[in-house]
Amino acid sequence: LYYKMINIFKSQNKYVEKFNNNFTECENTNDCTSFLSTAKHVRIPPGVTRIQPYAFQSNSSLESVVIPDSVESIGLGAFKWCISLKSVVIGNGVKSIEDDAFHGCSSLTSIVIPAGVTRILKETFRDCTRLESVVIGDNVQSIGVGAFQNCGLTSVIIPDSVTKIWEKAFYN
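All values derive from a computational prediction rather than experimental measurement. (Residues numbered from 1 in each chain as written. Predicted model: local features only at pLDDT ≥ 70, side-chain atom pairs only at ≥ 80, totals over all residues. Heavy atoms only, no water.)

Check the secondary structure of the chain and you find zero helices and 16 strands. By residue count, 46% of the 172 residues in the chain fall in the buried class. Pairs at least 24 residues apart make up 21% of the contacts formed inside the chain by residues separated by at least 6 positions. Surface summary for the chain: the accessible area is close to 8,400 Å², and the carbon and sulfur share equals 46%. (Helix = DSSP H or I, 4+ residues; strand = E, 2+ residues; numbered from the N terminus. Buried < 20%, exposed > 50% of the residue type's maximum accessible area, 1.4 Å probe, protein only. Contact = heavy atoms within 4.5 Å. Areas by Shrake-Rupley, 256 points an atom, 1.4 Å probe, with all protein chains shown as cover.)

This is the structure in structure tokens:
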């Protein structure tokens with residue numbers, strides 16, 4: 001079984017992506033902005049604190065991503081329309097998952113929102129049509145408009161900390 005894998009490492013205070021001897025630098029030591037569209041499996045390196053808006057948007061090859069505890073924020077539309085994305089491990093350091101972060105990830109089947117997250121924003125998981133299971137972290141207080149709209153949910157664990165569920169959060 002052959003996997004295309006991106007290796008990201010620190011070199012001269014920049015994160016560098018190596019894939020088949022091609023190199024792409026991230027903007028700076030804390031932000032990764034975009035990656036090759038052929039990557040199937042990505043492990044964000046420890047030390048990265050933010051995944052920039054639209055960093056992986058429409059990467060139809062991406063199947064799995066591991067986000068380390070050092071990441072605090074997943075940007076707007078960061079994984080939007082990654083239609084092959086099946087597995088996401090979100091580190092416990094994540095505090096913010098912005099609007100549309102996983103919108104349209106139609107192969108995603110389950111997700112665990114870490115305890116550090118306090119809000120699930122607008123359309124974060126909208127149109128994740130195969131998403132069946134969601135575990136929401138103990139500190140989430142609100143679930144945004146259309147956050148899980150058009151998902152195939154069969155199991156959702158909502159903690160007592162949730163005090164506001166916006167319209168169409170679980171529509172369809």
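Among the nonpolar cores identified, the biggest contains 40 residues, and Ile 51, Ile 67, Ile 74, Phe 79 and Phe 102 are the most heavily contacted of them. Contributing elements (two or more residues each) for this core: strand 7 (64-67) and strand 9 (87-90). Those residues in contact with Phe 102, other than ones at most four positions away along the chain, are Ile 74, Phe 79, Leu 85, Val 88, Ile 90, Ile 97, Thr 124, Phe 125, Arg 126 and Cys 128. (Core = buried A, V, L, I, M, F, W, Y, C linked by side-chain atoms within 4.5 Å.)

We now examine the pattern of salt bridges. For side chains bearing opposite charge, pairing can occur when the charged atoms are close. One pass over the full model with this rule turns up four salt bridges. A salt bridge links Glu 123 to Arg 126, with the shortest nitrogen-to-oxygen separation between them at 2.9 Å. Given a relative accessible area of 17%, Glu 123 falls into the buried group. Put simply, Asp 127 and Arg 126 hold a salt bridge, and the shortest N to O gap is 3.6 Å. Taking the relative accessible area as the measure of exposure, Asp 127 reaches 18% and is therefore buried. Assessed through its relative accessible area of 21%, Arg 126 is described here as partly exposed. What emerges from the salt-bridge pattern is a single network uniting Glu 123, Arg 126 and Asp 127. (Salt bridge = Lys/Arg side-chain N within 4 Å of Asp/Glu carboxyl O.)

With that settled, consider the sheet that holds strand 13 (residues 133-135). Taken in spatial order, the three strands make up an open sheet running 11-13-15, and their pairing is parallel. Since the sheet does not close on itself, it has two edges, and those belong to strand 11 (110-112) and strand 15 (155-157), each with one partner. Between one strand axis and the next, the sheet turns through 5° on average, direction left out of account. Of the strand pairs in this sheet, strand 11 and strand 13 are connected by three bridges, and their pairing is parallel. Along strand 13, the bridge assignment pairs Val 112 with Val 135. (Pairing = 2+ DSSP bridges. Axes fitted to C-alpha atoms, helices over the stretch in contact; angles between N-to-C directions.)

With that out of the way, let us pick up the packing of aromatic side chains. Under the defined criterion, the tally for this structure stands at five aromatic pairs. Taking the centre distance of 4.8 Å and the plane angle of 10° together, the rings of Phe 56 and Phe 79 count as stacked. One end of the pair, Phe 56, is in the loop between strand 6 (50-51) and strand 7; the other, Phe 79, is in the loop between strand 8 (73-74) and strand 9, and 23 residues separate them in sequence. Note on Phe 79 and Phe 102: the rings are 5.1 Å apart at their centroids and 5° apart in plane angle, and the pair reads as stacked. (Phe/Tyr/Trp six-rings, centres within 6.5 Å; stacked < 30°, edge-to-face > 60°.)

The next subject is the sheet that holds strand 5 (residues 41-43). Taken together, the three strands give an open sheet; going across it, the order is 5-7-9, and neighbouring strands pair in parallel fashion. Across the chains shown, the open sheet's two edge strands, defined by having one partner strand only, are strand 5 and strand 9. This sheet shows a mean twist of 5° between the axes of neighbouring strands, independent of strand direction. Note that strand 7 and strand 9 share four bridges and pair parallel. Across the sheet, residue Ser 64 finds its bridge partner in strand 9, namely Ser 87.

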